[in-house]
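# Descriptive analysis of the structure
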Amino acid sequence: MNSKFLLASLLMLFSLNAFSQVSPQLENKIDSIVAHHLEIDKIIGFSVGIVKNGEVFFTKGYGTRTMGKEEPVDSLTNFLTCSISKLFTATATMQLEEQGKIDLNERLITYLPEFEMKDERYKEITIHNLLTHTSGLPNFYKPNFIKPSHDSLALQMFADKLKGKKLKFEPGVALSYETYSNTGYNILGLVIERITGRNYSEYMNQEVLQPVGMTNSSFFYKEIPASRRSTPHKMNFITKKVKVADYYPDIPQDKPCGNLNSCSADLCKWMIHNLSLHHSDGSDEAIIKQETLQKMWTTKEKIEGFDTSIGLGWWIVDSKDYGKYLFHVGNDPGFSANLIVSPKNDFGIVVLCNGRYPRFEVWNDVPFEIIDLFEDEWKSE
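Residues numbered from 1 in each chain as written. Predicted model: local features only at pLDDT ≥ 70, side-chain atom pairs only at ≥ 80, totals over all residues. Heavy atoms only, no water.

Quick look at the overall build of the protein chain now. Each helix and strand in the protein chain was counted, giving 12 helices and 13 strands. Taking 381 residues into account, the globule formula puts the C-alpha radius of gyration at 21 Å, and the protein chain, at 20 Å, falls close to it. Principal axes of the C-alpha set define a box for the protein chain whose edges measure 60 × 45 × 40 Å. A buried classification covers 59% of the 381 residues belonging to the protein chain. Working note: accessible area of the protein chain is about 16,000 Å², and carbon and sulfur atoms make up 49% of it. Charged side chains of the protein chain number 41 positive and 48 negative; the gap between the two group centres comes to 8 Å. (Helix = DSSP H or I, 4+ residues; strand = E, 2+ residues; numbered from the N terminus. Rg over C-alpha atoms; globule rule 2.2 N^0.38 Å. Buried < 20%, exposed > 50% of the residue type's maximum accessible area, 1.4 Å probe, protein only. Areas by Shrake-Rupley, 256 points an atom, 1.4 Å probe, with all protein chains shown as cover. Lys, Arg positive; Asp, Glu negative; His and termini not counted. Charge placed at Lys NZ, Arg CZ, Asp CG, Glu CD.)

Next comes the structure, spelled out in C-alpha cells:
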C-alpha cells in the first residue's frame, strides 16, 4: 500500500458521525484494533457499530470510501452487506408465517406451482429447507445469469432459469457448509413476491426496513446518495497490491440473498430491534412477535462435529468462551461483513468493509478482538 495513503487512512480514524458512550480509554483500544488491521491487512474502508443494553453504544468509520481519495468513512457510509441480507429475507418470510400465509413445513411448489427443475426431487423442497440451507439447491455465481428489463422481473426470470438444472443434494440433506445456498434465498424472495403481490424490494422497504428505522438502507444501490456510497476494492494475491474493483455486485436476482446496502448506524437499529424484542414482549411497532424471533433463534439444523447450527436464517454458536451468540457473515466481490448478537449480554456488533480479501479478519479477528475488551462484564454461560 502507498505509504502516503496509509498515513491518510490512519489520520481518518476520527471521522464524521462517530457516536460513542464508551470511555476515551476504551475508544482508544477499539481504534487501535482497527488501525492495526487497516495497516497489516491493507483495508481501505471500515465501519463498526456496537449496541449494548438496548442502546447504540459506539459507531465509527475508519479509512476512506475510495482508495486514494479523501472520502472518510462514517457511520452512514453504505457498504454491501452481502449475506447479512438473508436475515432480512428470513424475517419477511416469518412475517408471512405469522399471518398464516406460509407454512414452513409446506412444499415450495404449493406457493410456486410453476416452479420446476430437471431433477424431480425439487417437488419435495419445503420452506423450512430454504430457510435452513437444506433444500439441495445449488449456488449460482454468474453476475449476468439474467438481465431483466425491470427489477420486478428478476426473481421470476431467475426461477425460470432453474428449469434445466438439477439439485446438488437431496431435499432435507444434513446441514453442512457445502449445502449453503444463495439460490434458496432468492427463491424465498420470489415466494414473498407471489404471496404479497408486491415487488420484493418494495415489500422489504415498507414492511421491514422502514419500521425498524433503517432509512439509510436500500436494496437499490442507485438509491444510495453518491456521497454515502462505498467503493469495492480487490487485491492481487500475487503482488499483494490493492486497487479499486471494476465491478459492483449489484445483481438483480440476488437481492434476497445478498444485496442489501446498509451502514453501521442502521444495522445498530436492526440489532437493537431484535435484542429488545428478545428481552421484552415487544410492541405494536415490532416487525415480528417475540415468539417468532425465538423460533428464528432456536437451532433447527446442526452441522455435525461443529458448535455451529442454524435457526431460521440466523447462524447460532454455543461457544465456551462467549456463550450463545447468533450471527451472519457475508462476502461478495469488493465487500465483506459480519453481524453478531449476544442475547444474554444484550450486546451486538457489526463490522463492514469495502474489500473481500480481508474477510477472515472481518469475520473472525476484528469483532472478537473488540468483544474481548468487554470480557470483565461478559456472561459466557
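Okay, the packing of helix α3 (residues 85-98) against helix α8 (residues 200-212) next. At a minimum axis separation of 11 Å, α3 and α8 run at an interaxial angle of 80°. As summarised for this structure, α3 and α8 are arranged roughly perpendicular, according to the angle between their axes. Along its contact with α3, which presents Phe88, Thr89, Ala92, Gln95 and Leu96, the element α8 presents Tyr200, Tyr203, Met204, Glu207, Val208 and Leu209. When the residues that make up the contact of α3 with α8 are grouped by side-chain class, the tally is eight nonpolar, two polar and one charged. (Axes fitted to C-alpha atoms, helices over the stretch in contact; angles between N-to-C directions. Parallel < 35°, antiparallel > 145°, perpendicular 65-115°, else oblique. Contact = heavy atoms within 4.5 Å. Nonpolar A, V, L, I, M, F, W, Y, C, P; charged D, E, K, R; others polar.)

Taken together, the side chains of Asp321, Glu369, Asp372, Glu375 and Asp376 define an acidic patch exposed on the protein surface. Looking at where Glu375 falls in the secondary structure, it is placed in the segment after α12 (359-371). Exposure remark for Glu375: the relative accessible area of 56% places this residue in the exposed category. (Patch = residues over 30% accessible without salt bridge, like charges linked within 9 Å, V, L, I, M, F, W, Y side chains within 5 Å. Salt bridge = Lys/Arg side-chain N within 4 Å of Asp/Glu carboxyl O.)

What follows concerns the packing of aromatic side chains. Applying the stated criterion across every chain, the model contains 15 aromatic pairs. Ring plane angle 25° and centroid distance 6.4 Å describe the contact between Tyr180 and Trp315, whose orientation is recorded as stacked. On the criterion of sequence distance, the pair formed by Tyr180 in the loop between α6 (154-161) and α7 (182-196) and Trp315 in strand β10 (residues 315-319) is long-range, its members being 135 residues apart. Trp315 matches Tyr180 in its accessibility class, with the two residues each being buried. Through a chain of ring-to-ring contacts, three or more aromatic side chains come together here, namely Phe57, Phe347, Phe374 and Trp378. (Phe/Tyr/Trp six-rings, centres within 6.5 Å; stacked < 30°, edge-to-face > 60°.)

Bringing the pattern of salt bridges into the picture now. Side chains that differ in sign of charge can pair as their charged atoms come close. Counting across every chain of the model gives 14 salt bridges. With a closest N to O distance of 3.8 Å, Arg65 and Glu71 form a salt bridge. Judged by relative accessible area, Glu71 falls into the buried class, the value being 19%. Salt-bridge contacts for Glu124 lead to Arg107; the nearest nitrogen and oxygen are separated by 3.8 Å. Of the two residues, Glu124 is situated in the loop between α4 (108-111) and α5 (127-131) and Arg107 in the loop between α3 and α4; the sequence distance between them amounts to 17 residues. Accessibility expressed as a relative area gives 47% for Glu124, which makes it partly exposed.

Glancing now at the nonpolar core. Within the largest apolar cluster, 72 residues are counted, with the highest numbers of intra-cluster contacts made by Phe88, Ile127, Ile187, Trp270 and Leu339. The element best represented in this core is helix α10 (residues 264-279), accounting for seven residues. With 36 residues, the next largest nonpolar core counts Val34, Phe327, Ile340 and Ile349 among its residues. (Core = buried A, V, L, I, M, F, W, Y, C linked by side-chain atoms within 4.5 Å.)

Moving on to α6. Looking at α6, one finds that the buried residues are Ala154, Leu155, Phe158 and Ala159. End-on, the buried residues of α6 take up no more than an arc of 130°, which puts them together on one face. Buried-residue contacts for α6 involve α7, α8 and α9 (255-258). (Arc of directions from axis to C-beta.)

This part covers the pairing of strand β3 (residues 55-63). For β3, the buried fraction is high: seven of the nine residues fall into the buried class. Looking at chain direction, strand β1 (residues 19-20) and β3 are connected through two bridges and run antiparallel. From the neighbouring strand, Phe19 faces β3, where its bridge partner is Thr59. Joining the antiparallel neighbours strand β2 (residues 45-52) and β3 is a turn of two residues, in which Asn53 adopts a positive phi near 55°. (Pairing = 2+ DSSP bridges.)

The next subject is unusual backbone geometry. Of note in this structure, His133 is not a glycine but carries a positive phi near 60°. The buried category is assigned to His133, whose relative accessible area is 1%.

Attention now moves to the side chain of Asn129. Within the secondary structure, Asn129 sits in helix α5. In this structure Asn129 touches Glu124, Thr134, Ser135, Pro171 and Gly172, once residues within four positions along its chain are discounted.

Turning our eyes to something else, we now look at the pairing of β10. Extensive coverage of β10 is indicated by the burial of four of its five residues. Here strand β9 (residues 308-310) folds back onto β10 in antiparallel fashion, the turn holding four residues, of which Gly313 has a positive phi close to 95°. Of the strand pairs in this sheet, β10 and strand β11 (residues 323-332) are connected by five bridges, and their pairing is antiparallel. Within β11, the position partnered with Ile316 by the bridge is Leu326. Between β10 and the antiparallel strand that follows it, β11, lie three residues.

So, to be careful, I would describe these as geometric facts and stop short of saying anything about function.
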